[in-house]
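A closer look at the structure
Next come the chains, spelled out residue by residue.
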Amino acid sequence: MYITSPKKATFHLVSILISTLTTAFSSAMISYDQDVSVKNRKKNSEFYGYVKNTNLERTSTFVVMMLLAAFHNLSRTIGTALLLAVSGSTTFVIMGAEMAFYIGFKVLRNDFVLWIPGLEGALMYIAALIVHVIVKVLVDFTGLIHCRGAKLMGGSLFTFSTVLGQILPFVALSLYSASTTVENKTNTHKMNIALIVQACCWGLSVIAFFGLIDSEKLWTFYGTTTGAQATIQTFRSSDDPAIKMNAIFSNHSSFTESIKDEVIAYMRDNWAEWERTQPAWFTPKFIASVGDEFIPGRALHQLNEAAIETGGGARRRSSVLSVRVILGN
Amino acid sequence: MSISQQQLTPIVVVETLLELRSNSQPNNLIHVERVFTDNATLLAPLETICPKIKILLSHLLANTTTVMQKKARVSAGSEATRLHDLTDAEAATLGKSFKKFLLGNKEVATAVHAWQLDNPILEPLFTELIFEPMIIGIAKELMFASTLGLAKRVVLGAGLSIMDMITDIFVIRDYLRIGDTTSAHTLMAMIGLSIVIQLVIAYVQNRKKSKWVILRELLIVLSGLKPAVDAYRVATGYEDELSALEPLMDMSLGKGAELACESVPGESSEKMKIEKLN
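Residues numbered from 1 in each chain as written. Chains lettered and ligands numbered in written order. Predicted model: local features only at pLDDT ≥ 70, side-chain atom pairs only at ≥ 80, totals over all residues.

Along the backbone of chain A there are 12 helices and zero strands. In chain A, the order of α-helices and β-strands from amino to carboxyl end is α-α-α-α-α-α-α-α-α-α-α-α. Here chain A, with 329 residues, has 36% of them falling under the buried criterion. In chain A, the proportion of contacts linking residues at least 24 apart, taken out of those at least 6 apart, comes to 72%. (Helix = DSSP H or I, 4+ residues; strand = E, 2+ residues; numbered from the N terminus. Buried ≥ 20, exposed ≤ 12 C-beta atoms within 10 Å, placed from the backbone. Contact = placed C-beta atoms within 7 Å.)

Encoded structure:
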């Protein structure tokens with residue numbers, strides 16, 4: 001057993017490094033894959049695309065993202081471990097307060113409900129709570145860059161949380177130093193130096209990261225847009241009907257309730273044209289996901305008649321969760 | 001169907017190009033030249049833009065050597081002129097470089113896009129409608145054929161998943177053996193929560209499909225082979241109208257759940273134990 005091993009210090013160090021690098025790799029990989037995905041870049045070019053184009057830039061950015069996640073993870077987990085060493089209740093209070101602040105912030109900004117269409121009633125709030133807790137954990141402990149999206153954590157809150165993650169271990173260390181209940185304390189002076197070095201490394205990684213990425217995407221790290229605002233913005237700013245319709249029908253109906261009349265008018269003006277030209281996105285699956293109120297009267301009548309002719313009664317709207325819903329953006 | 005009728009679709013061209021593909025570039029070149037002659041109507045525009053395209057494709061199809069970070073060094077001028085004046089060596093460099101993008105990206109379309117972005121000189125070719133689907137079609141086949149492609153991803157994914165499961169079981173057993181039931185139960189809870197969330201994701205992903213498909217997908221999660229299956233589906237561009245999510249999103253979600261429920265709590269717990277031991 002490693003507990004009795006004379007080489008436990010080295011073993012522990014290696015163990016920590018491997019765990020940290022594994023977590024950092026997974027975190028960086030998720031964000032990187034989502035950003036370079038051709039489909040995502042086509043779907044939401046304003047948000048995706050911070051990783052630049054050349055192979056060298058891409059590789060460098062990925063390495064820096066991994067370092068960023070590793071230093072962030074180290075600082076946060078060391079902070080949590082120190083807090084746990086002081087007491088479980090202290091840890092619970094501090095982490096609970098952070099979580100409560102995050103959830104409260106979302107609620108106050110009317111940004112708590114998830115983008116996932118079809119969620120209603122209690123399920124809408126339960127699902128939102130679970131997803132927000134997971135997102136908060138991922139951002140706090142791995143700095144998962146993808147979570148800065150407006151429909152997940154949001155840019156400004158993401159940056160605030162990651163900075164807070166660097167402050168936490170110092171707060172935890174001071175509590176640890178002051179604690180009278182911890183026996184055989186680790187040398188706090190050495191640990192303080194280690195934390196400062198680590199915070200500096202994190203800071204350097206941040207500078208390198210922002211130096212490498214596309215400056216046009218910097219706003220995504222401090223933007224204050226909510227999920228609903230981002231959805232409306234996408235609908236209004238795009239000229240592509242596929243993107244407009246995706247924004248409306250792959251998000252929760254509450255996101256676009258305020259512009260419902262605008263959407264109905266847009267669809268009334270264009271539905272006949274889509275029927276005639278049959279663009280690739282205008283599929284039976286898409287039509288099934290559209291609410292009756294959005295379909296012009298004549299077209300709705302025809303759809304209902306066609307459904308009755310095939311023996312299924314009036315057309316049924318799909319209750320399936322839309323494509324591309326879970327990761328947001 | 002006669003040969004002339006077959007000639008006019010990019011898919012048929014890709015199939016023909018891949019039919020006699022080998023790891024030998026000279027053999028590929030002979031084959032590519034024949035395909036270009038047989039499908040002159042469709043492929044002539046590509047050759048007009050880039051007279052060395054056959055050399056480029058023959059190296060790309062060989063899929064054997066990657067090149068270092070080195071751009072094709074070409075004469076000055078617009079992208080169209082540079083591509084038109086490409087030398088044999090430059091065409092070979094461009095063709096050979098494709099492999100590293102294929103290995104470095106999870107999705108075939110993303111790999112092709114990365115190759116295009118890294119080599120702006122290729123831009124005029126990508127403006128021809130046939131070129132991108134043709135390269136994506138070739139890339140899919142190369143992903144299957146390459147020993148470092150799909151097989152590596154799936155075997156590595158499966159191997160690591162199974163190893164992860166085995167090490168978790170051993171750690172739990174060791175905790176129980178030394179009487180540390182709290183740690184054993186905590187680890188079991190973390191793994192359990194991660195699996196439950198992954199099962200929910202699998203259900204949401206497949207809820208429109210038959211109960212047997214749902215059952216199969218749930219068993220894939222329980223067997224610990226989900227990462228391998230995800231790697232396969234992402235690499236092959238698996239598409240299913242009835243799936244709620246695209247494979248890359250499905251994979252990212254599973255990883256996210258594993259990170260939040262297993263890795264992060266495990267790390268904090270591990271560091272606390274080490275601090276206590278020290």
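Across its full length, chain B holds 15 helices and zero strands. Burial statistics for chain B: of 278 residues in total, 42% are counted as buried. Residue pairs in contact within chain B that sit at least 24 positions apart in sequence constitute 70% of those at least 6 positions apart.

Counting residues in each nonpolar core, the largest one holds 103 residues, and the members touching the most others are A:Met65, B:Ile138 and B:Ala139. With 16 residues, the top contributor of residues to this core is helix α3 (residues 55-86) of chain A. Residues contacting A:Met65, with those up to four places away along its chain left out, are A:Ala28, A:Ser31, A:Tyr32, A:Ile145 and A:Phe209. By size, the runner-up hydrophobic cluster in this structure holds 14 residues, among which are A:Trp115, A:Leu119, A:Phe255 and A:Val263. (Core = buried A, V, L, I, M, F, W, Y, C linked by C-beta atoms within 7 Å.)

Our next topic: the domain arrangement of chain B. Residues and elements named next belong to chain B. When its domains are assigned, chain B resolves into domain 1 (3-145) and domain 2 (150-277). Each side of the interface is counted separately: domain 1 has seven residues, and domain 2 has six residues. Those elements that provide at least two residues to the side of domain 1 that touches domain 2 are α8 (108-118) and α10 (131-145). By residue class, the composition of the side of domain 1 that touches domain 2 is four nonpolar, no polar and three charged. (Domains from an automatic or database assignment. Nonpolar A, V, L, I, M, F, W, Y, C, P; charged D, E, K, R; others polar.)

Further remarks concern the environment of B:Leu225. Residue and element names in this part refer to chain B. Within the fold, Leu225 resides in the loop between α13 (211-223) and α14 (226-236). Residues Leu225 and Ile136, 89 residues apart in the sequence, show an inter-C-alpha distance of 27 Å. Aside from chain neighbours lying at most four places away, what touches Leu225 is Ala158, Ser161 and Ile220.

Residues and elements named next belong to chain B. Of all the positions in helix α2 (residues 10-19), only Val13, Val14 and Leu17 are classed as buried. The buried residues of α2 occupy an angular sector of 100 degrees when projected down its axis, which confines them to one face. Structural note: α2 exposes Ile11 and Glu19 on the side pointing more than 90 degrees away from its buried face. (Arc of directions from axis to C-beta.)

All names here are of chain A. For chain A, the assigned domains read domain 1 (2-221) and domain 2 (227-309). A straight line from the C-alpha centre of domain 1 to that of domain 2 covers 37 Å. With 11 residues of domain 1 at the contact, the number on the domain 2 side is 12 residues. A breakdown of the residues in the side of domain 1 that touches domain 2 according to their chemical character gives seven nonpolar, one polar and three charged.

Here the focus is the packing of α3(A) against helix α4 (residues 88-108) of chain A. Residue and element names in this part refer to chain A. Between α3 and α4, the least distance of the axes is 5 Å, while the angle of their chain directions is 135 degrees. Considered as vectors, α3 and α4 are oriented oblique to each other. Seen from α3, the contacting residues are Thr80, Leu83, Leu84 and Val86; seen from α4, they are Gly88, Thr90, Thr91 and Ile94. Looking at the contact of α3 with α4, its residues break down into four nonpolar, four polar and no charged. (Axes fitted to C-alpha atoms, helices over the stretch in contact; angles between N-to-C directions. Parallel < 35°, antiparallel > 145°, perpendicular 65-115°, else oblique.)

The next subject is the confidence of the model for chain B. Averaged over all residues, the pLDDT of chain B is 82; the fraction at 70 or higher stands at 86%. In the predicted complex, the global pTM is 0.83; the interface-specific ipTM is 0.78. (pLDDT = per-residue confidence, 0-100.)

Along the chain, B:Leu42 turns up in helix α4 (residues 40-49). Counting along the chain gives 88 residues from B:Leu42 to B:Ile130, while the straight-line C-alpha distance between them is 8.1 Å.

Of all residues in chain A, 91% have pLDDT values of 70 or greater, and the mean over the chain is 86. Under a pLDDT of 50 for its full length, residues 319-329 of chain A has, in the predicted model, 38 contacts with residues more than four places off or in other chains.

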